[in-house]
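Letter by letter, the chains look like this.
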Amino acid sequence: MKTFKTDSSGNNALVEESLVQVIVADTTLTNADSGSTIAVGTDGIVSTLPPTKAGSRYTFTNIGADGNNIITISPQSTDGISGVITLAGSVVARAGTVNVDLVNTKATSKIGSTITLLGTGIPGVTAYVIESSTGIWA
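Summarised in this report is the structure supplied together with it. (Residues numbered from 1 in each chain as written. Predicted model: local features only at pLDDT ≥ 70, side-chain atom pairs only at ≥ 80, totals over all residues. Heavy atoms only, no water.)

### Side note on the side chain of Thr 52
Mapping Thr 52 onto the fold places it in the loop between strand E6 (45-48) and strand E7 (57-62). The class of Thr 52 is buried, set by a relative accessible area of 13%. (Helix = DSSP H or I, 4+ residues; strand = E, 2+ residues; numbered from the N terminus. Buried < 20%, exposed > 50% of the residue type's maximum accessible area, 1.4 Å probe, protein only.)

As C-alpha cells, then:
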C-alpha cells in the first residue's frame, strides 16, 4: 500500500513505509502527521485532528490492554467525522455532527482496535470520513 505524508509546505509526498507514532499524552496532530499510524497504549488520551485537508489520512490503533484504554479522537470545532463502523455483522452509521468526538470505548476496547480517517478538505459534517475500522468506536 502506498502511503503519503504531507510535508511542511503542504505537499503530499510518497513515503516508503508507514510511520508509527506512539503517543502517551494528549496530542494535537498536524497535516504533517498525515499518513501516520497513531498508536495509543495509555488510558484517557485525546488526539485532536487538524483542520480537514483533502487526502490526509490518519490511522489510530489501540495498543493498550483489553478493557483498559479509552481513546478519544477530537475533530476541530467546524469539522465532523462521518461514515460507517462494522460491528460483528452489523453496520453502525455515524452521522457527521461537527465538533463531536469519536471514542474507542473503554469497557469494550481491545488491543488492535483501529480506525482510519480520510480528510475530505470540506469543513462540516463530512470533514473526515471513516475509511476502515475494527473494534467498537462510538
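### A word on the pattern of salt bridges
For side chains of opposite charge, pairing can occur when their charged atoms come near one another. Taken as a whole and assessed by the stated rule, the structure comprises two salt bridges. Measuring nitrogen to oxygen at the nearest pair gives 2.8 Å for the salt bridge that ties Asp 43 to Lys 106. On the criterion of sequence distance, the pair formed by Asp 43 in the loop between strand E5 (36-40) and E6 and Lys 106 in the loop between strand E11 (102-104) and strand E12 (114-119) is long-range, its members being 63 residues apart. Arg 57 serves as the salt-bridge partner of Glu 131, at 2.8 Å between the closest nitrogen and oxygen. You can see Glu 131 sitting in strand E13 (residues 124-134) and its partner Arg 57 sitting in strand E7, a full 74 residues away along the chain. Of the residues examined, Glu 131 reaches a relative accessible area of 42% and is grouped as partly exposed. (Salt bridge = Lys/Arg side-chain N within 4 Å of Asp/Glu carboxyl O.)

### Section: the nonpolar core
Within the largest apolar cluster, 19 residues are counted, with the highest numbers of intra-cluster contacts made by Leu 49, Phe 60, Ile 73, Ile 115 and Leu 117. Among the elements of the structure, E5, E7, strand E8 (71-74), strand E9 (79-87), E12 and E13 are those that each provide at least two residues to this core. Among the elements that take part in this core, E13 stands out by supplying three residues, more than any other. With near-sequence residues (within four places) excluded, Ile 115 lies in contact with Tyr 58, Thr 59, Phe 60, Ile 73, Ile 85, Leu 102, Ile 130, Ser 132, Ser 133 and Trp 137. (Core = buried A, V, L, I, M, F, W, Y, C linked by side-chain atoms within 4.5 Å. Contact = heavy atoms within 4.5 Å.)

### What to know about the pairing of E8
Residues of E8 alternate between two faces, with Ile 71 and Ile 73 on one and Thr 72 and Ser 74 on the opposite face, all of them buried. Where E6 and E8 come together, four bridges link them in parallel fashion. Bridging across to E8, Ser 47 finds its partner in Ile 73. One ladder, built from three bridges, connects E8 with E11; its direction is antiparallel. In the sheet register, Thr 72 faces E11, and the bridge partner there is Val 103. (Pairing = 2+ DSSP bridges.)

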